[in-house]
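# Coordinates in review
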Amino acid sequence: MAIDKFLKKFIQFTRAVKIDSKEEGVIPLFLNGSQRRYIEHVAKGFENNIRYFLVLKPRQVGMSTVCLALDLLWIYLHEGMHGAVVSDTDTNRDYFRANLVTMNECLPRSMKVPQIIHNRNQMVLRNHSRLVYLTAGTRKTGGLGKGKGLNFLHATEVSSWVDEEGIISLISTLAETHPNRLYTWESTAQGFNLFYDMWEEAKKATTQMAIFIGWWSHERYSVPKTDARYRTYWDGRLAPKERNWVREVKRLYDYEIKPEQMAWWRWKLEEMIGDENYMMQNYPPTEEYAFILSGARFFTVEKLTGATRASKGLQCDFFRYNFGHHFFDTELVSTNVHNTELRVWEYPDPEGVYVIGADPAYGSSPRADAFCVQVC
């Protein structure tokens, strides 16, 4: 589908859709700047036959909402789609399903396909398209999407998913050549987790697209000059840190941040968030500022983030375990990054003396599956 034809079709569809807005109640879905930025990038991807998108977003810009509208339009346009909306929690799953119900009920009959089934588990249309509702959950099961072949996917808040094996399981269910396949993974950033790795991979891939949505792309994140917040928080000058990321926004995204937006940023930080690190995580000006480490007690966030980012570029060797009948028959077999179970950056010194400390999984409770082994 040509880019202009797709955009025209989508905008026509969203004008007929109604949503339950946090600020204004039930209103038509008029795309804001952040939503337009997303859909324009998706359209550009379509032109280059890209159907796999990683979306790094700030908080509260309506990204999940515009993705849900695309979900609905896509299964209406293409018959026989096998899709899934995957949420991080049951609460969000139910919330998204309710949003789809509202969108569907408000559409004129001429713009929608009749539903055969729509319950807590799935939506089935008369054109044989199907959308199932899944939850990634907070436990590691490794079976997400098992038994389902998918050619359409909308995964949300992926950085909150704890089951890395589940993500790999889900990816393995995705069709590779279906002409109408479409896969969207959208999330805020929460440090250097699997979503960060997926994001970095998408930036290098030939069949994926990484889409960054900055807070500055949303018109609501600005205060007028007549507002008391503008007079309070804009003094006509940028602080050194602000100057750095304002310059980066211009260089990377060709966007000039306005004084009204800076006044909003300072007000939000000072009166609502109160912590610059959380502000950067939830309302990042660039992708680099989104992926930060927070909650550190003894080292500065800048030091930890810089060290972690630097470690991502270090070369290492990859191995997997080959288990025999007995524990002592275990062997290490050289492998690649995709199949690795062990990474080695530095080999032991035969003359060295080492101390090993360990904190095992499930030591404090049946749900405490984090673990650490430190070699000094």
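The rules behind each value
Residues numbered from 1 in each chain as written. Predicted model: local features only at pLDDT ≥ 70, side-chain atom pairs only at ≥ 80, totals over all residues. Heavy atoms only, no water. Helix = DSSP H or I, 4+ residues; strand = E, 2+ residues; numbered from the N terminus. Rg over C-alpha atoms; globule rule 2.2 N^0.38 Å. Buried < 20%, exposed > 50% of the residue type's maximum accessible area, 1.4 Å probe, protein only. Lys, Arg positive; Asp, Glu negative; His and termini not counted. Charge placed at Lys NZ, Arg CZ, Asp CG, Glu CD. Salt bridge = Lys/Arg side-chain N within 4 Å of Asp/Glu carboxyl O.

## Topic: the overall build of the chain
What the chain contains, in helices and strands, is 12 helices and 15 strands. Expected size for 376 residues packed as a compact globule is a radius of gyration near 21 Å; at 23 Å, the chain falls within 12% of this value. Seen through its principal axes, the chain has C-alpha atoms that stretch 75 × 60 × 40 Å. In the chain, which comprises 376 residues, the share counted as buried stands at 43%. Across the chain, the mean location of the 46 positive side-chain charges is 8 Å away from that of the 45 negative side-chain charges.

## Quick look at unusual backbone geometry
Within the chain, Asn49 stands out as a residue other than glycine whose phi angle is a positive 60°. Here Asn49 shows up in the loop between helix 2 (33-47) and strand 3 (52-56). Positive phi, close to 55°, is recorded for Gln60, a residue that is not glycine. Given a relative accessible area of 44%, Gln60 falls into the partly exposed group.

## Quick notes on the pattern of salt bridges
Taken as a whole, this structure holds 15 salt bridges when the rule is applied. In this structure, Arg36 engages Glu219 in a salt bridge whose closest nitrogen and oxygen atoms are separated by 2.9 Å. Placement of Arg36 in helix 2 and of Glu219 in the loop between strand 10 (209-212) and helix 7 (228-233) is noted, with a sequence separation of 183 residues between them. The class for Glu219 is partly exposed, based on a relative accessible area of 45%. Across the salt bridge formed by Arg93 and Asp94, the nearest N and O atoms sit 3.2 Å from each other. On the accessibility criterion, Arg93 (11% relative accessible area) is buried. Salt bridges here are not isolated pairs; linked through shared partners, they connect Asp90, Arg93, Asp94 and Arg97.

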